[in-house]
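Architecture and fold: a report
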Amino acid sequence: SDQVALILDGRLAQFGSAESVFQRPRTLAVARFFGLRNVVVGRAHGGVFTSALGPLRHPATEVEGNVTLVLRPDAISLGPGPNNTLDATLLARSYMGTQTQLRLQVGAVVLEALVPPDRAAGLAIGAAQQIHVPPEAIWLLPLEKDQGHD
């Protein structure tokens, strides 16, 4: 069987294929367990997520209203895209072998991106940089009780 059961605090947090648990966490606790730090509170309506990042298009889901966006660092790419292009400032860069970790300021939000080292070579700390967030990479979760709302 190719199923995974993730138990957190002695309770079943999520059950499914390894890919679904990793790519599409059902709760913020599951997302954080897998190291996801790109978490932004906002509102979703009609396929658009609006937050301090600005409006981002995403595949329409049943999750609407006050929500939490969860975004994998490896889903963020450098340069503009056909949609969801954001203006960022590079805060830090850390070479990690097969990937380079970037900390990017987008408005009031700091995002973490993982990109191939050759794409990050020559980027200057403090420099303006456009980044792209593909709509299909955006995962929305219902807002949890202990989270604030913008």
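Notes on the structure follow. This is a predicted model, so every value here is computed, not measured. (Residues numbered from 1 in each chain as written. Predicted model: local features only at pLDDT ≥ 70, side-chain atom pairs only at ≥ 80, totals over all residues. Heavy atoms only, no water.)

Structural notes on the nonpolar core
Let me state the cut-off plainly: Throughout, nonpolar core names a set of buried Ala, Val, Leu, Ile, Met, Phe, Trp, Tyr and Cys residues whose side chains join them through atoms within 4.5 Å. Exposure classes here rest on a 1.4 Å probe applied to the protein chains alone. A residue is buried below 20% of its type maximum, exposed above 50%, and partly exposed in between. Per the convention used, a helix needs a DSSP run of H or I reaching at least four residues, while a strand needs a run of E reaching at least two, with both numbered from the N terminus. Contact criterion: two residues are considered in contact whenever any of their non-hydrogen atoms come within 4.5 Å of each other.
By size, the foremost hydrophobic cluster in this structure holds 28 residues, and its most contacted members are Leu 69, Leu 102, Leu 111 and Ile 131. Elements represented by at least two residues in this core include exactly β3 (38–45), β6 (65–71), β8 (85–95), β9 (100–106) and β10 (109–115). At four residues, the largest contribution of residues to this core is made by β10. For Leu 69, the residues in contact, after removing those within four places along its chain, are Asn 38, Val 39, Val 40, Phe 49, Leu 56, Ile 138, Trp 139 and Leu 140. Counting five residues, the second largest nonpolar core, distinct from the first, contains Leu 28, Leu 36, Val 70 and Leu 141.

Comments concerning the environment of Ile 131
Checked against the element boundaries, Ile 131 lands in strand β11 (residues 128–132). You can call Ile 131 buried: its relative accessible area is 0%. Spatially, the C-alpha atom of Ile 131 lies 12 Å from that of Leu 53, the residues being 78 residues apart in sequence. When sequence neighbours within four positions are dropped, the list of residues in contact with Ile 131 reads Ile 76, Ser 77, Leu 78, Gly 79, Asn 84, Thr 85, Leu 86, Ala 88, Leu 104, Val 106 and Leu 111.

A few points about empty space enclosed by the protein
Put simply, the test is: The definitions used throughout rest on a 1 Å grid laid over the protein atoms alone, on which a cavity is an enclosed set of points accommodating a 1.4 Å probe that cannot get out and a pocket is an open set flanked by protein within 12 Å on both sides along at least five of seven lines; lining residues are those having an atom within 4 Å of a point. Grid points are joined across faces, edges and corners, and a volume is the space filled by probe spheres set on the points. Following the grouping adopted for this structure description, the nonpolar residues are Ala, Val, Leu, Ile, Met, Phe, Trp, Tyr, Cys and Pro, the charged ones are Asp, Glu, Lys and Arg, and the polar ones are all others, Gly among them.
Here the structure, examined in full by the defined rule, presents one cavity of 30 Å³ or more. Of the voids in this model, the largest cavity is the one considered here, and its volume is about 30 Å³. Counted by class, the lining of the largest cavity contains six nonpolar, one polar and two charged residues.

Overview of the sheet that holds strand β4 (residues 48–51)
To keep it simple, the criterion reads: DSSP-based pairing: two strands are paired if at least 2 bridges between them are found. Every axis corresponds to a line fitted to the C-alpha atoms, with the helix fit spanning only the stretch in contact, and the corresponding angles, defined between N-to-C directions, vary from 0 to 180 degrees.
With antiparallel pairing, five strands are arranged side by side in an open sheet as β5-β4-β3-β6-β12. On the outer flanks of this sheet lie β5 (54–57) and β12 (139–142), each paired with one strand and no other. The mean angle between the axes of side-by-side strands here comes to 40°, regardless of whether they run parallel or antiparallel. Looking at chain direction, β6 and β12 are connected through four bridges and run antiparallel. Along β12, the bridge assignment pairs Thr 68 with Leu 141.

Notes on the pairing of strand β1 (residues 3–8)
Sheet analysis places β1 next to strand β2 (residues 11–17), joined by six bridges and oriented antiparallel. Each residue of the ladder has a partner; that of Val 4, found in β2, is Gly 16. In this structure, the hairpin formed by β1 and β2 is closed by a connection of two residues, where Asp 9 is found at a positive phi of approximately 50°.

Considering the side chain of Asn 84
Inclusion rule: Polar contacts here mean pairs of N or O atoms no more than 3.5 Å apart (in protein, one a potential hydrogen donor and the other a potential acceptor; neighbouring residues in sequence count only if both atoms are side-chain atoms).
Its location among the elements puts Asn 84 in the loop between β7 (77–78) and β8. At a separation of 2.7 Å, a polar atom in the side chain of Asn 84 contacts the main-chain amide nitrogen of Arg 57. Within the structure, Asn 84 has its side chain in polar contact with the backbone oxygen of Val 133 (distance 3.0 Å). When sequence neighbours within four positions are dropped, the list of residues in contact with Asn 84 reads Pro 55, Leu 56, Arg 57, Ile 131, His 132, Val 133, Pro 134, Pro 135 and Ile 138.

Notes on the side chain of Thr 100
If you trace the backbone, Thr 100 turns up in strand β9. A relative accessible area of 4% places Thr 100 in the buried class. Excluding residues within four positions of it along the chain, Thr 100 makes contact with Arg 93, Ser 94, Tyr 95, Ala 113, Leu 114, Val 115, Pro 117 and Ala 120.

Here's the deal with the pairing of β5
Where β4 lies against β5, four bridges are found, and the strand directions are antiparallel. Within β5, the position partnered with Phe 49 by the bridge is Leu 56. Counted along the chain from β4 to the antiparallel partner β5, the turn is two residues long.

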